[in-house]
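In case you want the letters, here they are:
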Amino acid sequence: MPLIKWKNKYTVNNQQLDSDHKKIFDLFNKMYDECLATGTVACTCIMLDELISFTEYHCKTEEDYMAKIGYNNLEEHIIKHNDIMQRLRKIKQDQEDNLQTVTMALMVLIGNWIRLHIIEEDMKYNLEIQSESAKSIDIVPQEPLTTRK
Ligand SMILES: [Fe+2]
């Protein structure tokens, strides 16, 4: 049973971005089921690379979308995305220290990302969409990037 479930009220009214957010929920649940709940920590390293790559791709896609709809707080939102990326990279640097600690740090980071960012921050650009035409703006997913500053 998933630890955290996607709900319709979390939608940002964009199919691609909702799909990305659902994947982040899935990664969180997978990490809990396969790593923390079972006491197995070796999977963390594999998941961390996948998570970093996916997060780079998702943030870029979301930023492109926010630019297209003319979101007022784009710069502030990009800073928050960069903070998430920095935290992920720090966890990757630390992963050789103690896998149990790294797993816990990742659970906290993804949990906060879902709770404070997706459910609160991402809702703000959704609320700013005034017209139906803005809701139908297409975004073309980018290939995951290898580097991001
Ligand atoms: Fe975001």
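Above this text is the structure in question.
About the criteria used
- Residues numbered from 1 in each chain as written.
- Predicted model: local features only at pLDDT ≥ 70, side-chain atom pairs only at ≥ 80, totals over all residues.
- Core = buried A, V, L, I, M, F, W, Y, C linked by C-beta atoms within 7 Å.
- Buried ≥ 20, exposed ≤ 12 C-beta atoms within 10 Å, placed from the backbone.
- Helix = DSSP H or I, 4+ residues; strand = E, 2+ residues; numbered from the N terminus.
- Contact = placed C-beta atoms within 7 Å.
- Expected span 1.5 Å × (residues − 1).
- Arc of directions from axis to C-beta.

Draft legend 1. A look at the nonpolar core. Core analysis: the biggest nonpolar cluster contains 12 residues, these being Ile24, Phe28, Met31, Cys35, Leu51, Leu88, Ile91, Val102, Leu106, Ile110, Trp113 and Ile118. Secondary structure elements with two or more residues in this core: helix H1 (15-36), helix H3 (74-94) and helix H4 (99-128). Sorting elements by how many residues they give to this core places H4 first, with five residues. Among residues more than four places away in sequence, those in contact with leucine 106 are Met31, Thr44, Leu48 and Ile91. Within the second largest apolar cluster, five residues are counted, among which are Val12, Leu17, Ile69 and Tyr125.

Draft legend 2. Expanded view of H3. Here H3 contains 21 residues, and its C-alpha end-to-end distance of 30 Å stays within 8% of the 30 Å for a straight helix at 1.5 Å per residue. Regarding H3, the residues found buried are His77, Leu88 and Ile91. Taken end-on, H3 shows its buried residues confined to a sector of 60 degrees, consistent with a single buried face. Opposite its buried face, H3 presents the exposed residues Glu75, Glu76, Ile79, Asp83, Gln86, Lys90 and Gln93, each directed more than 90 degrees away.

Draft legend 3. Focus on the environment of valine 102. The residue valine 102 is located in helix H4 in this model. In this structure valine 102 comes out as buried when scored by C-beta crowding, with 21 C-beta atoms within 10 Å. Valine 102 has contacts with Thr44, Ile91, Asp94 and Gln95, leaving out every residue within four places of it along the chain.

Draft legend 4. Structural detail: the environment of glutamate 75. The topology assignment puts glutamate 75 in helix H3. Look at glutamate 75 and you get exposed, because 8 C-beta atoms sit within 10 Å. The spatial distance from the C-alpha of glutamate 75 to the C-alpha of glutamate 63 is 9.2 Å, given a sequence separation of 12 residues.

Draft legend 5. Quick look at the environment of arginine 89. Among the structural elements, arginine 89 can be located in helix H3. The class for arginine 89 is partly exposed, based on 13 C-beta atoms found within 10 Å. Separated by 41 residues in sequence, arginine 89 and leucine 48 place their C-alpha atoms 9.1 Å apart.

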